[in-house]
Amino acid sequence: MLVRRKPVSTALANIDREALAEFQAGIRKRYSNDQIVEQLKACAERLGRSPTMREFEADAETTVHPQTVIQHFGSWNEAKRNAGLVPRRFAKPADLVRLLRELGDEIGRPPTAKDLDDHRASMPSKSLYWHTFGSLKNALREAGFDVPVGGERLGCAVEQGAWLAQKLRRLPKFADWGAARKKAEELMSEWQV
């Protein structure tokens, strides 16, 4: 069976292939890796989170095309890692652990699921931690936080409940626990300053 080829347009047929290759190489070299990384960081700063390719391309202040980013770094996610950003999907466990440590340093304690929700713009989702490590507690342990397990946690809760009951001179209600936790957080933040 004979397959007919499309005729090559005269414009393409007359192109100097070496000149075209030199032009294409010049386009790729127009930006250094450092310049691309800076643009990625700046875009993330403006967005308040790690940008997708579509968000990066739509950002009026970026001048690099996402395809150029990929050509420089091999993949979009690798470019984001070079910029110190965490890919929103395929994050490496080391990236997730680093972000947990940074958030813990920022808030002065082991992060909770609520903390991840509150910092959603800069943190991966809690479901990504659960999917990657099996649970948020496992991720926190991997990040070096001292997270009580089962019986230890129950023992801490009983001790805290007994202390709160003595202070209130009655059994604590849920609202009492919330008020005590808020007061403890205020004291911790004053102590750290």
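Residues numbered from 1 in each chain as written. Predicted model: local features only at pLDDT ≥ 70, side-chain atom pairs only at ≥ 80, totals over all residues. Heavy atoms only, no water.

### Here's the deal with the environment of P51
Then, number 1: Here P51 lies in the loop between α3 (33-47) and α4 (53-58).
Then, number 2: On the basis of relative accessible area, P51 is assigned to the buried category, the value being 0%.
Then, number 3: Residues P51 and L40 lie 11 residues apart in sequence; the distance between their C-alpha atoms is 7.7 Å. (Helix = DSSP H or I, 4+ residues; strand = E, 2+ residues; numbered from the N terminus. Buried < 20%, exposed > 50% of the residue type's maximum accessible area, 1.4 Å probe, protein only.)

### Looking at the side chain of H119
Then, number 1: Residue position: H119 is located in the loop between α8 (113-118) and α9 (126-133).
Then, number 2: A polar side-chain atom of H119 sits 2.9 Å from the main-chain carbonyl oxygen of D115.
Then, number 3: With sequence-adjacent residues up to four places away left out, H119 is seen in contact with L103, E106 and I107. (Polar contact = N/O pair within 3.5 Å; in protein donor to acceptor, adjacent residues only side chain to side chain. Contact = heavy atoms within 4.5 Å.)

### Topic: α9
Each turn of an α-helix holds 3.6 residues, which means side chains three or four residues apart point in the same direction.
Then, number 1: Three or more residues of α9 are buried, namely L128, Y129 and F133. Burial along α9 is one-sided: seen end-on, the buried residues are contained in an arc of 105°.
Then, number 2: Taken together, the buried residues of α9 touch α7 (93-107), α8 and α10 (136-142).
Then, number 3: Just beyond α9, the residue with positive phi is G134, at close to 95°. (Arc of directions from axis to C-beta.)

### Describing the packing of α7 against α9
Then, number 1: Put simply, α7 and α9 touch, their axes get as near as 11 Å, and they point 130° apart. One element, α7, and the other, α9, form an angle in the oblique class. Between α7 and α9 the crossing geometry is left-handed. Across from P93, L96, V97, L99 and L100 in α7, the residues of α9 making contact are L128, Y129, T132 and F133.
Then, number 2: Split into classes, the residues belonging to the contact of α7 with α9 amount to eight nonpolar, one polar and no charged. (Axes fitted to C-alpha atoms, helices over the stretch in contact; angles between N-to-C directions. Parallel < 35°, antiparallel > 145°, perpendicular 65-115°, else oblique. Left-handed = near helix turned anticlockwise from the far one by under 90°. Nonpolar A, V, L, I, M, F, W, Y, C, P; charged D, E, K, R; others polar.)

### Here we look at the packing of aromatic side chains
Then, number 1: Within this structure, the stated rule accounts for two aromatic pairs.
Then, number 2: Ring geometry for Y129 and F133: centres 6.4 Å apart, planes at 20°, overall stacked. One end of the pair is Y129 and the other is F133, both in helix α9 and four residues apart, which spans about a single turn. (Phe/Tyr/Trp six-rings, centres within 6.5 Å; stacked < 30°, edge-to-face > 60°.)

### Some words on helix α5 (residues 66-73)
Then, number 1: All of the buried residues in α5 are P66, T68, V69 and F73. Projected down its long axis, α5 carries its buried residues within an arc of 155°, all on one side.
Then, number 2: Where α5 is buried, its residues meet α3, α4 and α6 (76-82).
Then, number 3: G74 sits one or two residues past α5 and shows a positive phi near 95°.

### Here's the deal with the confidence of the model for the protein
Then, number 1: With 80% of its residues at a pLDDT of 70 or more, the protein has an overall mean of 81.
Then, number 2: Here helix α1 (residues 10-13) is the element of the protein with the lowest mean pLDDT, 70, and α3 is the one with the highest, 91. (pLDDT = per-residue confidence, 0-100.)

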